[in-house]
Amino acid sequence: MRKKPKKEVMPWRQGILSHHQRGGLTQKQMGDISDKVRKEVRERSGGICELRIRCHGSPAVQQAHITSRVRINHKTTADDLRDACIACHRYIDETPEGIRYKRTLQEGA
């Protein structure tokens, strides 16, 4: 099977959509947790839930954003996260009381 020859781009069309390219990071990229930050949070907590709202020091298996991903305007740092057990993480993300508590954490950070 023969390949089609590459179509030549007319000079007036070159770079016509260059102004549509994204300049910065996407919201998802800013909310992503790097291995370095993940390790820093785990060392800070010692592997124990830092929230302790629904537990009494259970093993931390997740890292909860206290600065919401939709509001974050920088790469995620250790200050934006807390090591959490599943019960506490769900509480601060899914309940009205937990969301209010998360806001107090954001203000204190």
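The structure we're discussing is the one just above.
Residues numbered from 1 in each chain as written. Predicted model: local features only at pLDDT ≥ 70, side-chain atom pairs only at ≥ 80, totals over all residues. Heavy atoms only, no water.

**Q** It is not clear to me how the nonpolar core should be interpreted in this structure. Could you clarify?
**A** If you look at soluble globular proteins, the nonpolar side chains tend to sit buried side by side. In terms of nonpolar packing, the biggest core is built from 11 residues, these being C49, L51, C55, A64, I66, A84, C85, C88, Y91, I92 and L105. Looking at this core element by element, the count peaks at 3 residues for helix α3 (residues 86–94). If sequence neighbours within four positions are ignored, C85 has contacts with C49, C55, S58, P59, A60 and V61. (Core = buried A, V, L, I, M, F, W, Y, C linked by side-chain atoms within 4.5 Å. Buried < 20%, exposed > 50% of the residue type's maximum accessible area, 1.4 Å probe, protein only. Helix = DSSP H or I, 4+ residues; strand = E, 2+ residues; numbered from the N terminus. Contact = heavy atoms within 4.5 Å.)

**Q** Honestly, the side chain of D80 in this entry has me stumped. Any pointers?
**A** When you line up the elements, D80 lands in the loop between β1 (62–65) and β2 (81–84). There is no salt bridge for the buried D80, and the closest opposite charge comes from R82, which lies 7.6 Å off by N-O distance. A distance of 2.9 Å separates the side chain of D80 from the backbone nitrogen of T77, its partner in a polar contact. Excluding anything up to four places from it in sequence, D80 contacts A64, H65, I66, T67, I72, H74 and K75. (Lys, Arg positive; Asp, Glu negative; His and termini not counted. Salt bridge = Lys/Arg side-chain N within 4 Å of Asp/Glu carboxyl O. Polar contact = N/O pair within 3.5 Å; in protein donor to acceptor, adjacent residues only side chain to side chain.)

Any functional reading would require information that these geometric values do not contain.
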